[in-house]
Amino acid sequence: MVPRPDPAAVEQHICMDRGYDYDDVHQFVEQARYIAHIKHRCRRGEPPLEDWPVPGETQFPARRWVVERTFGWLAKRRSLRVRWCKKVGNWLAFVQFACAHILMDMAIYVNLSVFVSNFWNQYTSMNNDETYALAADV
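Residues numbered from 1 in each chain as written. Predicted model: local features only at pLDDT ≥ 70, side-chain atom pairs only at ≥ 80, totals over all residues. Heavy atoms only, no water.

## Structural notes on the overall build of the protein chain
Within the protein chain one finds five helices and two strands. Of the regular secondary structure in the protein chain, the N- to C-terminal order runs β-α-β-α-α-α-α. When each of the 138 residues of the protein chain is scored for burial, the buried share is 14%. Pairs at least 24 apart in sequence give 21% of the contacts found in the protein chain among residues at least 6 apart. Total accessible area on the protein chain is roughly 12200 Å²; 61% of this is exposed by carbon and sulfur atoms. (Helix = DSSP H or I, 4+ residues; strand = E, 2+ residues; numbered from the N terminus. Buried < 20%, exposed > 50% of the residue type's maximum accessible area, 1.4 Å probe, protein only. Contact = heavy atoms within 4.5 Å. Areas by Shrake-Rupley, 256 points an atom, 1.4 Å probe, with all protein chains shown as cover.)

And the structure:
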């Protein structure tokens, strides 16, 4: 485990979504000496705010953390969602295999999208005569 740096020496930020917009959470974050970035939750009967309570919220909107996204991808695998393996080594192998499968899917998607964009750029850059000649060759 990595120890937390001294809050007096290094300023630390904590980003949370609307589910954490409560007074007790704000107090806890202040006591722990974090700089809070908590998205505002509009309450019933509250007038709309003109300016955003979190600075930079419009320019840099909150995104899912990489860890949450990866856990979401791994939870789609049935063998990981329900732990069928009794041995830790077998379950770890399933986790590693699932991560490799996710990376392979990402690589295929990236390569396919690059191929399609390159093909489209070449196709649109040709004039009509070359397009008809290309269609006649097929």
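## Some remarks on a nonpolar patch on the surface
Judged by side-chain polarity, Leu-112, Phe-115, Val-116 and Phe-119 come together as a nonpolar surface patch covering roughly 430 Å² of accessible area. As for its position among the elements, Phe-119 is in helix 4 (residues 88-125). (Patch = residues over 30% accessible without salt bridge, like charges linked within 9 Å, V, L, I, M, F, W, Y side chains within 5 Å. Salt bridge = Lys/Arg side-chain N within 4 Å of Asp/Glu carboxyl O.)

## Quick notes on the packing of aromatic side chains
Applying the stated rule across the entire model yields zero aromatic pairs. Just above the ring of Trp-91 sits the side chain of Arg-83; from NZ or CZ to the centre is 4.9 Å. (Phe/Tyr/Trp six-rings, centres within 6.5 Å; stacked < 30°, edge-to-face > 60°. Lys NZ or Arg CZ within 6 Å of the ring centre and 35° of its normal.)

## Details of the confidence of the model for the protein chain
Taken as a whole, the protein chain shows an average pLDDT of 77; of its residues, 77% reach a score of 70 or greater. Within the protein chain, the lowest mean pLDDT, 53, falls on helix 5 (residues 128-137), and the highest, 92, falls on helix 1 (residues 23-31). (pLDDT = per-residue confidence, 0-100.)

## Brief notes about the side chain of Asp-21
Relative to the elements of secondary structure, Asp-21 occurs in the loop between strand 1 (13-16) and helix 1. A relative accessible area of 5% means that Asp-21 is categorised as buried. Looking at Asp-21, its side chain comes within polar contact range of the side chain of His-26, at 2.9 Å. Residues in contact with Asp-21, not counting those within four places in the same chain, are His-26, Ile-38, Lys-39, His-40, Arg-41 and Arg-43. (Polar contact = N/O pair within 3.5 Å; in protein donor to acceptor, adjacent residues only side chain to side chain.)

## A few points about unusual backbone geometry
Positive phi values are uncommon outside glycine, yet Arg-33 reaches one of about 60 degrees. Assignment of secondary structure puts Arg-33 in the loop between helix 1 and strand 2 (35-38).

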